[in-house]
Every structure is written in structure tokens, then in C-alpha cells.
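# Remarks on the overall topology
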Amino acid sequence: MNSSIRKFIFHDLQAIEGYIDPPDALVFVAVLRAQQSASLQGGLAEIGVYYGRSYFLMRKICGEAEKIVAIDPFDILKPEHGATQYDRFVAGGRQLGLSVDAERVVKSDSTLLRPEDIIERAGKVRLFSIDGGHMLHHVAADSRLAAGSLAEHGIIVFDDTFNPAWPEVTVGVTDFLREEAGRFSVFCLTKYKTYVCRNAFHAFYSHSIMTSQELKAFDHIETDFLGSTAIRLHNPMRRRIAHEVMVGLGMRALSERAYR
């Protein structure tokens, strides 16, 4: 991997408040680079921007010209910070030297949107990240929105799929996969996210995960999930602890060594 991307993931990006951790950031790199290598084009979309950690990761990987639709109500209020959620999002971009495409920022409840709202802003989408509302009706609506705006070769990424704090996410993702049996299947699982594609591209994305140099530090374990074989990327506790200790000691620049 380009050393500048590793520095960005393990050092620069950590200054932005958010939840995508290094293993999933590395999966994003692997699948987006695989798409680029195969000339699989399309926009990007994200539900649940928060302060932009995933957004800026995609911007860094794909470049300033990429069309990224960012969907969020931007209604988080933290008076102690003296700035709105949206202001902090934009400020984070400035800090990282990356832009926010204001024309493609949708300040809305995602359940009110239609696939056409996404497609008219970015075309068909090649990666759609879902990390919005965590109740069943949110997940159901967001799944339909993503599937309806997805390119044939596109990926849907579900966050918090097996987080016991949000059991309705698990139900919603499972419902989607069962309803779409024969069309969509899971190709990769991590501690926090589930990666889904159309069946015709399952072998392509599975291969991209298995052969990615970015992911060689992880154990690759085959797991059956609703009729398909997914690759579960196991991140041992010792590695997670080593990384967190280095970050806690202010050694972000060295923390990436835990994932070599």
C-alpha cells in the first residue's frame, strides 16, 4: 500500500472524531482499489457522516474528483465545541487538506430519500456505506435506498451488524439478505461491518479480500452466512491492544506497525 495512505489511516484520520477503525479502513482501501484496477466506476454514498472520518477516507483513496453523496441530518448539538456538526465536518476536511463537496451533502433523514436523489447527484453508486439510524425501520429504508441506487458491481457496507447494543441492525441486515436471496450476498465480515455485493461479483470481491496486501496481517476465516461464503477478517486481541496502547501513548505514527 502507498505509505501516504497508511499514514493517513493510522495518524491523520484519527484526529477526526468517528468510528471507522483501521481494519475496516484497510478493507475500504482493498475494495476501492480493486474496483479502480478493474475500471468499475461509479459514485460513492454514505448515510451517517458524523464528523466525516469515513467520508474523508473515501476522499483520500479516490481523489478530489470523486462524487461522494454525504447524507446526515447534521443535528448533533455539542455547545461545548462552539460549532455545529456540519461546521466541524467541514473544518475536519480543512485540517486534512481535503474538500467537502457541498453540492452533494444532503442534510436530511435518509428514510425520506429515494434512489433517484442519490443517482442524480453521483450516478449509480459503487460503494454505499450505511451507518445511520439503528432501528429496524431505519435499516430497512436505508437498505432499499442503497440497493436502488447501486451500480451492478456496487458494494453495500453495513455498520454495527452484530453489535449487541443495536440488535435491530442485525435483524434489518438479515431481513434484507433473506429478501434479496439470489441477488445479494455477504463477501466479507469484520468485527464492526458487513460487506455485501450482488452475487455475480461475489467471487471478484472475495478474491480482492483474499489477495489484498493491505489485509495480509489478518486471519482470513471462511464463514457461511445465509447461503454464501464470507471471509471473516479476524483481528486478534493482542494486535488491537498493541495498537490502542501506542495510540494512547501518542505514538499514532508507529501504530500502523501493529497491522503489518
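Here goes a summary of the coordinates provided. (Residues numbered from 1 in each chain as written. Predicted model: local features only at pLDDT ≥ 70, side-chain atom pairs only at ≥ 80, totals over all residues. Heavy atoms only, no water.)

### A closer look at the side chain of His 138
Spelled out, the test is: Only runs of H or I of at least four residues qualify as helices and only runs of E of at least two qualify as strands under DSSP, and these elements are numbered from the N terminus. In this analysis, two residues are considered to be in contact whenever any of their non-hydrogen atoms come within 4.5 Å of each other.
Within the fold, His 138 resides in helix 6 (residues 136-149). With near-sequence residues (within four places) excluded, His 138 lies in contact with Thr 111 and Gly 133.

### Some remarks on the packing of helix 5 (residues 115-122) against helix 6
The cut-off we apply is this: To obtain each axis, a line is fitted to C-alpha atoms, and for helices this fit is confined to the stretch in contact; angles are then taken between N-to-C directions over 0 to 180 degrees. Our angle categories are set so that under 35 degrees counts as roughly parallel, over 145 as roughly antiparallel, 65 to 115 as roughly perpendicular, and the remainder as oblique. For any pair of crossing helices, the crossing counts as left-handed if the nearer helix is rotated counterclockwise from the farther one by less than a right angle, and right-handed if it is rotated clockwise. Following the grouping adopted for this structure description, the nonpolar residues are Ala, Val, Leu, Ile, Met, Phe, Trp, Tyr, Cys and Pro, the charged ones are Asp, Glu, Lys and Arg, and the polar ones are all others, Gly among them.
Helix 6 packs onto helix 5 with a crossing angle of 45 degrees between their chain directions and a minimal axis gap of 8 Å. By the criterion of interaxial angle, the relationship of helix 5 to helix 6 is oblique. Once helix 5 is placed against helix 6, the crossing between them reads as right-handed. Contact residues: helix 5 offers Pro 115, Ile 118 and Ile 119, while helix 6 offers Arg 144, Leu 145, Gly 148 and Ser 149. Within the contact of helix 5 with helix 6, the residues separate by chemical class into four nonpolar, two polar and one charged.

### Regarding the sheet that holds strand 7 (residues 193-198)
As a reminder, the rule being used: Following DSSP output, two strands are said to pair if at least two bridges run between them.
In spatial order, the strands read 3-2-1-4-5-7-6-9-8; together these nine strands make up an open sheet with mixed pairing. Of all strands in the sheet, those with a lone pairing partner are strand 3 (105-106) and strand 8 (219-225), marking the two edges. Strand direction decides the pairing type here: strand 2 (residues 68-71) and strand 3, joined by two bridges, are parallel. Counterpart to Ala 70 in the pairing with strand 3 is Val 105.

### Focus on the packing of aromatic side chains
Stated formally: Only Phe, Tyr and Trp rings are paired, with Trp represented by its six-membered ring, and only when their centres lie within 6.5 Å; those with planes under 30 degrees apart are stacked, over 60 edge-to-face, the remainder tilted. Throughout this description, the term charge over a ring refers to an Arg CZ or Lys NZ atom that lies within 6 Å of the ring centre and within 35 degrees of the ring normal.
A complete count under the given rule lists 17 aromatic pairs for this structure. Centre to centre, the rings of Phe 201 and Tyr 205 are 6.5 Å apart; their planes meet at 40 degrees, and the pair counts as tilted. Through a chain of ring-to-ring contacts, the aromatic side chains of Phe 28, Phe 187, Tyr 195, Phe 201, Phe 204 and Tyr 205 assemble into a single cluster. Stacked on the ring of Tyr 51, the Lys or Arg Arg 88 has its end atom at 4.1 Å from the ring centre. Above the face of the Tyr 86 ring, Lys 107 is positioned so that its terminal group lies 3.9 Å from the ring centre.

### Description of the pattern of salt bridges
Side chains that differ in sign of charge can pair as their charged atoms come close. Applied cut-off: In what follows, salt bridge is the name for a side-chain nitrogen of Lys or Arg lying within 4 Å of a carboxyl oxygen of Asp or Glu. Buried means the residue's accessible area, taken with a 1.4 Å probe over protein chains only, is under 20% of the maximum for its type, while exposed means over 50%, and partly exposed covers the values in between.
For the structure on display, the rule yields nine salt bridges. The salt bridge involving Glu 17 is made with Arg 88; its shortest N-O contact spans 3.2 Å. Taken together, the residues span a long stretch of sequence, with Glu 17 in the loop between helix 1 (3-10) and helix 2 (22-37) and Arg 88 in helix 4 (residues 85-96) at a distance of 71 residues. Judged by its relative accessible area of 31%, Glu 17 falls in the partly exposed class. Measuring nitrogen to oxygen at the nearest pair gives 2.7 Å for the salt bridge that ties Arg 183 to Glu 180.

### Remarks on the environment of Phe 89
Here Phe 89 is to be found in helix 4. Along the primary structure Phe 89 and Arg 53 are separated by 36 residues, whereas in three dimensions their C-alpha atoms are 8.9 Å apart. Apart from residues no more than four positions distant in its own chain, Phe 89 is found in contact with Val 49, Tyr 51, Gly 52, Tyr 55, Phe 56, Phe 74, Val 100 and Val 105.

### Concerning the nonpolar core
Proteins that are soluble and globular tend to have nonpolar side chains buried together. Here is the rule we go by: For the purposes of this section, nonpolar cores are sets of buried Ala, Val, Leu, Ile, Met, Phe, Trp, Tyr and Cys residues that join through side-chain atoms within 4.5 Å.
Membership of the largest hydrophobic core comes to 48 residues, with the highest contact counts inside it found for Phe 28, Phe 187 and Ile 209. With eight residues, the top contributor of residues to this core is helix 2. Ignoring any residue separated from it by four or fewer positions in sequence, one finds Phe 28 in contact with Ile 20, Leu 57, Met 58, Ile 61, Leu 127, Ser 129, Val 157, Lys 193 and Tyr 195. Membership of the second largest hydrophobic core comes to 28 residues, among which are Ile 47, Leu 150, Phe 158 and Val 186.

### Some remarks on unusual backbone geometry
It is generally the case that most residues other than glycine have a negative phi and that most peptide bonds are trans. The phi angle at Asp 160 is positive, at roughly 60 degrees, despite the residue not being glycine. Looking at the secondary structure, you find Asp 160 in the loop between strand 5 (150-159) and helix 7 (167-179). Taking the relative accessible area as the measure of exposure, Asp 160 reaches 12% and is therefore buried.

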